[in-house]
Amino acid sequence: MCRVSSDEQVKGYSLDLQDEALRKHCERHNIEIVYTFREDHSAKDFNRPEFKKFLTFLNKNKGKVDTLLFTTWDRFSRNITDSLIMLRRLESYGITSHAIEQPIDMSIPENKAMLAIFLCLPEIDNDRRSIKIKGGVRAALKAGRWSRIAPIGYLNTRDKNNKPLIVPSPEKAPLIRMAYEDVLNGISHVEVIQKLKLNGLKTNKSTFSSLLRNPVYMGKIEVPEEGEEKTTLVEGLHEAIVSEDLFCKVQSFLITKNKSKNKPYFNSKRVELPLRGQLICARCGEHITGSASKSKTGKRHFYYHCNHCHSIRMPSEKANDHVQNILRLMKFEGDFDDLYAALCNKKLKNSKPIEENKANKKDRISELRNRLANTQDMLADKKIGFAEYIEMKNRYVSELEQLEKESKELDIISRETKERIKQCHSILTNLDNLYEQADLEGKQKIVSSIFPEKIIFGEKKSRTPRLNQAVLLYLNNDKPSKKRKTEQLSEIFELSGLVESTDRMSNQMCQEMSALLGIKNFL
């Protein structure tokens, strides 16, 4: 076996010299040469073309080879782990391995330690060399010098100091610039790649994507993260192919494009299916979904259906009308209008965070005005000097202006809150009309608000684990129509177990109303 790597050939590890030394050894020891293989490949592993041919030869000629010879152990491998595994594999073929310049008598167990040293030293040398090379490459990158194979559109050259330098290719650089501009103009990657191929620059999707994101094209070099050092960009010594402005615009475009690409194409919001996501199957307890099916005439018909137990399949129009009838029977009438308005206004009037704050500010404003008048009297009575008067006046006036401003803001909040209460009151008294006229999003908000734990939907009758407390309070207190409404509701909707005492629910109702109104610290 004769082996050199590309850099070892320069150092004098000639294949011919190894071949000659091995042949003379075979002549001296009367060894028949069955197979000779020569390779120019790194020995960091056994994934080497010629060594693979050697293993294939052994499989086809079992028993014809009993010895593998090479000059030194680093010609066999420079990886101790792989070497030991391969030596055991060769032993299973009945083959012993020998380095003629580093002979080891493997019949003596202690000599295995010497074998480990011979195999370990080349690996250490490889690792040390790798560290030096990586350090040199990193130092070159930090200096703004590209020392590897030039990216597409550049050529590898040397500067006047014989150091590596990349320069734009006269033929390919304009094509790279054109590709950036085309991408920014919205032309698809496939079309741009095809255009580049027609102009003599072959690339694929993966390579082209990397090309668009490589900062080397705007004259900068990325120094990768290592240890505690984070990834950084440095000014390159090479000439840029595209401007920094064009490069940054393309990156923004690509980021926006990827975000829109990752959005799901499926849209669950359909005008015909406002209840999708709000219904639960009465049979299995799973969510009911909705979809359209096409008839023989080509017309699309929408249905709500359970994909789990398949016990429910109802036309969307029938289910939508069913829920709308429930809302129609929940229309607020009778004395509840006044009850609701009185409760909200009472809570607003007695709201400590607002009212106490307003009262405190009013008292402080009155106090500051009195102090201002007193300071004027003290100045007139010559109890304080003019400088002290100015200082006190400025302090009082500054605080007074701030308090008056905050007081006005609180008045505005109170007025806006009352207006919101009025609007909410109007909504509750016209709930069925509001639902009928609302868009898809509005319908979904109304249903999810009234039925916070969704509707358990059946073919003939529906129910819910919990109603909105404001609606429930109405059903308990609208005495003129309570019996009539609950009887009508019970025909299509189950209310058992929902009706609680008014006293326990009034405060909860106001809590929910305050959330609906968006009033902070309402209670």
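Thresholds, definitions, all that
Residues numbered from 1 in each chain as written. Predicted model: local features only at pLDDT ≥ 70, side-chain atom pairs only at ≥ 80, totals over all residues. Heavy atoms only, no water. Helix = DSSP H or I, 4+ residues; strand = E, 2+ residues; numbered from the N terminus. Areas by Shrake-Rupley, 256 points an atom, 1.4 Å probe, with all protein chains shown as cover. Contact = heavy atoms within 4.5 Å. Polar contact = N/O pair within 3.5 Å; in protein donor to acceptor, adjacent residues only side chain to side chain. Expected span 1.5 Å × (residues − 1). Buried < 20%, exposed > 50% of the residue type's maximum accessible area, 1.4 Å probe, protein only. Arc of directions from axis to C-beta. Pairing = 2+ DSSP bridges. Axes fitted to C-alpha atoms, helices over the stretch in contact; angles between N-to-C directions. Parallel < 35°, antiparallel > 145°, perpendicular 65-115°, else oblique. Left-handed = near helix turned anticlockwise from the far one by under 90°. Nonpolar A, V, L, I, M, F, W, Y, C, P; charged D, E, K, R; others polar. Core = buried A, V, L, I, M, F, W, Y, C linked by side-chain atoms within 4.5 Å. Phe/Tyr/Trp six-rings, centres within 6.5 Å; stacked < 30°, edge-to-face > 60°. Salt bridge = Lys/Arg side-chain N within 4 Å of Asp/Glu carboxyl O. pLDDT = per-residue confidence, 0-100.

1. What to know about the overall build of the protein chain
Of the regular secondary structure elements, the protein chain holds 19 helices and 15 strands. A total of about 31600 Å² of accessible surface is found on the protein chain, and carbon and sulfur atoms cover 50% of it.

2. Some points on the side chain of Arg145
On the secondary structure map, Arg145 appears in the loop between helix H6 (111-142) and strand S5 (154-158). Apart from residues no more than four positions distant in its own chain, Arg145 is found in contact with Ala140, Asp159, Lys163, Pro164, Ile221 and Leu237.

3. Focus on the side chain of Ser77
In this structure, Ser77 sits in the loop between helix H4 (73-76) and helix H5 (80-92). A distance of 3.1 Å separates a polar side-chain atom of Ser77 from the backbone nitrogen of Asn79.

4. Structural notes on helix H3 (residues 49-60)
Along its 12 residues, H3 runs 17 Å from first to last C-alpha, staying within 8% of the 16 Å computed at 1.5 Å per residue. Those residues of H3 that fall on the buried side of the exposure criterion are Phe51, Phe54, Leu55, Phe57 and Leu58. All buried residues of H3 project into a common sector of 155° when viewed along the axis, lining one side. On the buried face of H3, the contacting elements are strand S2 (38-40), strand S3 (67-70), H4 and H5.

5. A word on the sheet that holds strand S12 (residues 313-315)
Taken in spatial order, the three strands line up as S10-S11-S12 in an open sheet, and their pairing is antiparallel. One side of each edge strand has no neighbouring strand; the edge strands of this open sheet are strand S10 (289-294) and S12. The mean inter-strand angle of the sheet, taken between neighbouring strand axes irrespective of direction, is 35°. Along the sheet, helix H11 (residues 316-329) contacts strand S11 (300-305) and S12; its crossing angle with S12, the most-contacted strand, is approximately 80°.

6. Comments concerning the packing of helix H7 (residues 173-184) against helix H8 (residues 189-198)
It is at 10 Å that the axes of H7 and H8 come closest, and there the two elements cross at 160°. It follows from the interaxial angle that H7 and H8 lie roughly antiparallel. The crossing of H7 and H8 is right-handed. Listed contacts from H8 to Leu175, Met178, Ala179, Asp182 and Val183 of H7 are His189, Val192, Lys195 and Leu196. Residues that form the contact of H7 with H8 fall into these classes: six nonpolar, one polar and two charged.

7. Here we look at the nonpolar core
Tyr180, Leu196, Phe208, Tyr217 and Val242 are the most contacted members of the largest nonpolar core, which totals 31 residues. Of all the secondary-structure elements, those providing two or more residues to this core are H7, H8, helix H9 (205-213), strand S7 (220-223) and helix H10 (244-261). Ranked by residue count, the leading element in this core is H7, at seven residues. Among residues more than four places away in sequence, those in contact with Tyr217 are Pro151, Ile152, Tyr154, Ile176, Tyr180, Leu211, Ala240, Ile241 and Val242.

8. Brief notes about the environment of Arg300
With respect to the secondary-structure elements, Arg300 resides in strand S11. Non-local contacts of Arg300, meaning those with residues more than four positions away in its chain, are made with Arg270, Ala292, Ser293 and Lys294.

9. Some words on the packing of aromatic side chains
Summed over the entire model, instances satisfying the criterion amount to 16 aromatic pairs. Judged by centre distance (6.4 Å) and plane angle (40°), the ring pair of Tyr35 and Phe54 falls under tilted. Highlighted residues: Tyr35 in the loop between helix H2 (15-28) and S2 and Phe54 in helix H3, separated in sequence by 19 residues. The class for Tyr35 is partly exposed, based on a relative accessible area of 32%.

10. Describing the environment of Leu58
Tracing the chain through its elements places Leu58 in helix H3. Between the C-alpha atom of Leu58 and that of Ile95, which follows or precedes it by 37 residues, the distance is 9.7 Å. Look past the residues within four positions of Leu58 in its chain and what remains in contact with it is Val65, Leu90, Tyr93 and Ile95.

11. Some thoughts on the pattern of salt bridges
Tallied over the entire structure, the rule returns 24 salt bridges. A salt bridge links Glu39 to Arg48; the nearest nitrogen and oxygen atoms lie 2.7 Å apart. Take Glu39 and Arg48: they sit in the same class, and that class is buried.

12. Observations regarding the confidence of the model for the protein chain
Scored by pLDDT, the protein chain comes out at a mean of 79, with 78% of its residues at no less than 70. When mean pLDDT is compared element by element in the protein chain, H7 scores highest at 93, while helix H19 (residues 502-517) scores lowest at 46. Note on residues 496-506: pLDDT is under 50 here. Beyond four places in sequence and across chains, it has 17 contacts.

13. Overview of the packing of H5 against H6
Relative orientation of the contacting elements H5 and H6 amounts to 135°, with a least axis distance of 9 Å. Between H5 and H6, the angle is such that the two are oblique. Where H5 approaches H6, its residues Ile80, Thr81, Ser83, Leu84 and Leu87 are matched on the opposing element by Leu115, Ala116, Leu119, Cys120 and Glu123. Taken together, the residues of the contact of H5 with H6 break down into seven nonpolar, two polar and one charged.

14. Remarks on H5
Here H5 is 13 residues long and its end C-alpha atoms lie 19 Å apart, about the 18 Å a rise of 1.5 Å per residue gives. Those residues of H5 that fall on the buried side of the exposure criterion are Ile80, Ser83, Met86, Leu87 and Leu90. Taken end-on, H5 shows its buried residues confined to a sector of 125°, consistent with a single buried face. Exposed side of H5, more than 90 degrees from the buried face: Ile85, Arg88 and Ser92 are the residues found there. Turning to H5, the residues buried within the fold contact H3, S3, H4, strand S4 (96-99) and H6. Among the residues of H5, the N-terminal cap falls to Asn79, whose side-chain oxygen and the backbone nitrogen of Thr81 are separated by 3.1 Å.

15. Topic: the environment of Lys195
Within the secondary structure, Lys195 is located in helix H8. You can call Lys195 partly exposed: its relative accessible area is 34%. In the structure, Lys195 is positioned 13 residues away from Asp182 in sequence and 10.0 Å away in space, judged by C-alpha atoms. Dropping the residues within four chain positions of it, Lys195 is found in contact with Met178 and Asp182.

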